[in-house]
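# Coordinate inspection notes
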Amino acid sequence: MTNARDDIVSLNFQEVKDLIKELGEPAFRAKQIYEWIHKKLVRDYDEMTNVPQKLKAMLMERLPFPEIEEVARRDSASGDTSKFVFKLYDGYVIESVLMKYRYGNSVCISSQVGCRMGCTFCASTLMGLSRQLAPSEMLSQIYTIQRETGERVSNVVVMGTGEPLDNFDNLIKFIELLTDENGLNISQRNITVSTCGLTENIKKLADKKLGITLAISLHAPTDDERKRIMPIANKYTISEILEATDYYFEKTGRRISYEYGLIDGENDSTINAEKLSALLKGKNCHVNLIPINPIKERTYKSSTPKGVIRFKKVLENKGINVTIREEMGRDIDAACGQLRKEYMDRQ
Ligand code: SAH
């Protein structure tokens, strides 16, 4: 599996300063260039109108811009959700989703081209992992959407295609750039990273002491049941995950969010709900119930609305903080990997 290529947008402010110095150019150019990229969101060197041509030519020779071209877009009838498919410099495609909430615009980004985690209900993993995304390619999804809509993005969720903690260093660099005051300056509190539970990297992330929200894709209350739908459960047990999330809470003070996708007849019984309650009892956490979005490659069905309410009630009665995920964009296949898959199938 190959990593991403280097480019100018993946450099942090210090790295741009070092580069400018190395090229023998005046120091103020660093801030100028960094702001063109991360505040004014330009797509290439040409757009940097107050930077001398000679310097732009030198930079171009050293580092390219990440190419990201919109090749498909679909808007929900209600207008609150838009799904984008972007083509990268090497022809790979990724997807992102824009969701307009009352409190602001949220973008769900991909962290890898494909995914190697193999969850059985997920469309993103069907063709495996092709390559890592560079920090710049995670950013560019947000930058392109912000530029295109002309509206500020205030929240970012790393819940699209890919396993973010399987692309750890690039994820950390991405968060650093996204929260930089010389860039979009998005607050750490407005960033959520979702993982299927790679415990070593959850601990590594905890040690960074960021203020971001960690979401764990749990989807089952016991290891045996989890193994049926998530191959990663063969590697990490639920108790190892909970130990890692306790550590995360201890280091960051951030409440953990548990994602539980409800699949009809698979993991949505009252007994499942009771086991889940017992597992999370006394923890400072939040459970997000997601009626599963069926994908055509599998036979799974979403729990019925009644089943979802029943499951939620059990958790509530045990004093667990629980919500049902707002269903947005189902009419445009906004679930993980579905539009991208459809686009690729067409090609
Ligand atoms: N790999 C990370 C992030 C990407 S998946 C993770 O596992 O968390 C983001 C979320 O979407 C996860 O909770 C995942 O389980 C869920 N998801 C994937 N496919 C889905 C589907 N068909 N319907 C509903 N949720 C789905």
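What counts, and at which threshold
Residues numbered from 1 in each chain as written. Predicted model: local features only at pLDDT ≥ 70, side-chain atom pairs only at ≥ 80, totals over all residues. Heavy atoms only, no water. Near = heavy atom within 4 Å. Polar contact = N/O pair within 3.5 Å; in protein donor to acceptor, adjacent residues only side chain to side chain. Areas by Shrake-Rupley, 256 points an atom, 1.4 Å probe, with all protein chains shown as cover. Nonpolar A, V, L, I, M, F, W, Y, C, P; charged D, E, K, R; others polar. Axes fitted to C-alpha atoms, helices over the stretch in contact; angles between N-to-C directions. Helix = DSSP H or I, 4+ residues; strand = E, 2+ residues; numbered from the N terminus. Parallel < 35°, antiparallel > 145°, perpendicular 65-115°, else oblique. Left-handed = near helix turned anticlockwise from the far one by under 90°. Contact = heavy atoms within 4.5 Å. Buried < 20%, exposed > 50% of the residue type's maximum accessible area, 1.4 Å probe, protein only. Lys, Arg positive; Asp, Glu negative; His and termini not counted. Salt bridge = Lys/Arg side-chain N within 4 Å of Asp/Glu carboxyl O. Domains from an automatic or database assignment. Buried area = accessible area lost by both parts, 1.4 Å probe.

Glancing now at the site of the ligand. Around the ligand, 17 residues are found, and the nearest of them are Glu163, Ser194, Ser217, His219 and Asn293. Take Asn293: an N or O atom from its main chain is 2.8 Å from a nitrogen atom of the ligand. In the complex, the protein chains occlude 94% of the 540 Å² of accessible area that the ligand would expose alone. The residue inventory of the shell around the ligand, partitioned by class, reads 8 nonpolar, 7 polar and 2 charged.

Here we take up the packing of helix α4 (residues 135-149) against helix α5 (residues 168-178). Contact pair α4 / α5: the axes reach a minimum separation of 8 Å and the direction vectors enclose 45°. On the basis of the axis angle, α4 is oblique to α5. The crossing of α4 and α5 is right-handed. Every residue of α5 that contacts α4 at Pro135, Met138, Leu139 and Ile142 is listed here: Asn170, Leu171, Lys173, Phe174, Leu177 and Leu178.

Position of Arg29 relative to the elements: it lies in helix α2 (residues 28-38). No salt bridge is formed by the buried Arg29; its nearest oppositely charged neighbour, Glu25, is found at 4.9 Å. Not counting residues within four places of it along the chain, the set of residues in contact with Arg29 comprises Ile20, Asn50, Val51, Pro52 and Leu55.

Quick look at the pattern of salt bridges now. Following the criterion strictly, the structure yields 21 salt bridges and no others. Of the charged contacts in the structure, one is a salt bridge between Glu22 and Arg62, with a shortest N-O distance of 2.7 Å. Here Arg62 lies in helix α3 (residues 53-62) and Glu22 lies in helix α1 (residues 13-22), a separation of 40 residues in the sequence. Its relative accessible area of 55% is what places Glu22 among the exposed residues. A network of salt bridges, in which partner residues are shared, links Lys31, Glu35 and Lys39.

Bringing the domain arrangement of the protein into the picture now. Entries for the protein in the domain assignment read domain 1 (8-62) and domain 2 (68-346). When each unit is reduced to the centre of its C-alpha atoms, the spacing between domain 1 and domain 2 is 33 Å. Between domain 1 and domain 2, the buried area comes to about 1,300 Å², and carbon and sulfur atoms account for 49% of it. Of all residues in domain 1, Ser10, Leu41 and Arg43 bury the most surface against domain 2, accounting for 42% of the area lost on that side.

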